[in-house]
Structure formats: C-alpha cells, structure tokens
Amino acid sequence: MKQIKKLASLLLAAVLAMTLLAGCGGRGGNVSTAVTEQSLLKYINEARAEADKGLSPVKNDSKLANAAAKLLDAYAQTEMVKTYYGTGYKLTKDQVKNILNTATGKNQEVVGFSEDPSQYEHCFLVAPSERDYSASGNFYLRRRANKVVNSADYYDYGGTFRDFGDSWAVLASDMKVGIAFREIKGERFALVVYDVTNPEKTTTP
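A short tour of the structure in this document, coming up. Quantities reported herein were computed from a predicted structural model and do not represent experimental measurements. (Residues numbered from 1 in each chain as written. Predicted model: local features only at pLDDT ≥ 70, side-chain atom pairs only at ≥ 80, totals over all residues. Heavy atoms only, no water.)

What follows is about the pattern of salt bridges. Going through the model one piece at a time under the given rule, you end up with six salt bridges. Arg182 serves as the salt-bridge partner of Asp73, at 2.5 Å between the closest nitrogen and oxygen. One end of the pair, Asp73, is in helix H3 (residues 62-76); the other, Arg182, is in strand E9 (residues 174-184), and 109 residues separate them in sequence. The class for Arg182 is partly exposed, based on a relative accessible area of 30%. Glu109 serves as the salt-bridge partner of Lys97, at 4.0 Å between the closest nitrogen and oxygen. Of the two residues, Lys97 sits in helix H4 (residues 93-104) while Glu109 sits in strand E4 (residues 109-111), which places them 12 residues apart along the sequence. Residue Glu109 is classed as buried on the basis of its relative accessible area, which comes to 17%. One continuous salt-bridge network, built from bridges that share partners, spans Lys93, Lys97 and Glu109. (Salt bridge = Lys/Arg side-chain N within 4 Å of Asp/Glu carboxyl O. Helix = DSSP H or I, 4+ residues; strand = E, 2+ residues; numbered from the N terminus. Buried < 20%, exposed > 50% of the residue type's maximum accessible area, 1.4 Å probe, protein only.)

Counted according to the given criterion, the structure contains two aromatic pairs. Aromatic side chains Tyr43 and Phe161 sit 5.7 Å apart centroid to centroid with 15° between the ring planes, which places their arrangement in the stacked category. Of the two residues, Tyr43 is situated in helix H2 (residues 37-50) and Phe161 in the loop between strand E8 (147-149) and helix H5 (167-170); the sequence distance between them amounts to 118 residues. Given a relative accessible area of 11%, Phe161 falls into the buried group. Taken together, a centroid distance of 5.8 Å and an interplanar angle of 80° make the contact between Tyr89 and Phe189 edge-to-face. Note that Tyr89 is positioned in strand E3 (residues 86-91) and Phe189 in strand E10 (residues 187-197), a separation of 100 residues in sequence. A relative accessible area of 0% means that Tyr89 is categorised as buried. (Phe/Tyr/Trp six-rings, centres within 6.5 Å; stacked < 30°, edge-to-face > 60°.)

In structure tokens:
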C-alpha cells in the first residue's frame, strides 16, 4: 500500500512538473522561436500594426535580400575575431557601404543596428550589427540566427527579435527590408538590411 501511494505521489509530481514546463515554455513564460524569413517578417509587421500609425506591411524585397546576401558573403571571407562582447566577424563601414551601394545601385549612408536613421534623408540600416567608433567604424556580425526568445524583455537571455530591427527602422513610415541567411564556418547567421527614407529631411548631414 505504501509503495502504491509513493508511486502515485511520484506520478502526480511528474504531471505537475510537465504542466509547469508547458505553461512557462521552460523559461519564465518565454517560448523560443526559430529565426526564419517568415518569423522576422511577422515580428516587423506586427510591430508596425501595433504602432497604430497606419504603417503598411512589408515584404522581403528581392534586391535588398540580394544585397544582404552579398554582405554575408563578405563577412564569410573574413576571419573570426574576439571582442569584449563575444566572437564574430568584422567589416569596415566603407566595405559595408560599398557592398550595399553596388548591390542596390544607390549611393546612400549606412548605419548600424543601434543608430538612428532619421538623421538622413536616405540610408541603409544593417541588423544585427554592432558598431565601434574607431576611425574605420567597423561593423561586427556577432548575433547567431538560431532561435530567439519571445519576450517583452529587451535584455532577455538568448536574444529577441529586436536584435534584428529596432523601432527606429521597423517603424519608419517609408521603409523596405531585405532578409538573407548564410552558414559561416558551421554557424547560421541572418542579416536584415533596411532601406529607410525620411521624406521630411531635405539634405544629408
């Protein structure tokens, strides 16, 4: 009888544990989502809709996607570097700008993920990329494109979709987006290139 009660208790504990895991996604209510073209576009377009500003949904623009792919190709030709924030790949700002301008046939400024594109009439924003402020203005590709955590917490462990587009680009009224993927030395990366136009700006600083 004692063995039956013990077995029943163990089964109940197992059921409760499974219920808790199912309810919280194994990480405090956050469920991991694969980084794909569809999931990135869903994040971007849901953010544009939720802003309630009459912003139109966007698609993966073929010319910009090709530009993003060429940028990933260029990163793949470099050696992995170590930085304070982890390992990744490095291109100078001039390299990034030349690749994007050549691939799109445009001549415009390029900014990194955390920079504000609204200061320019036209510019490309590259995400996820981290800038340093050396003379060359290097662009670092560090964020891998495996899964992200669905969370409202900007700093959640494992990264969120915000790594692939902050509000400055995602909520721009006149914006196109190009998404590309590539494996570099056995690791999967995604790159999103935003082409942002600010009609209210008449000159580029």
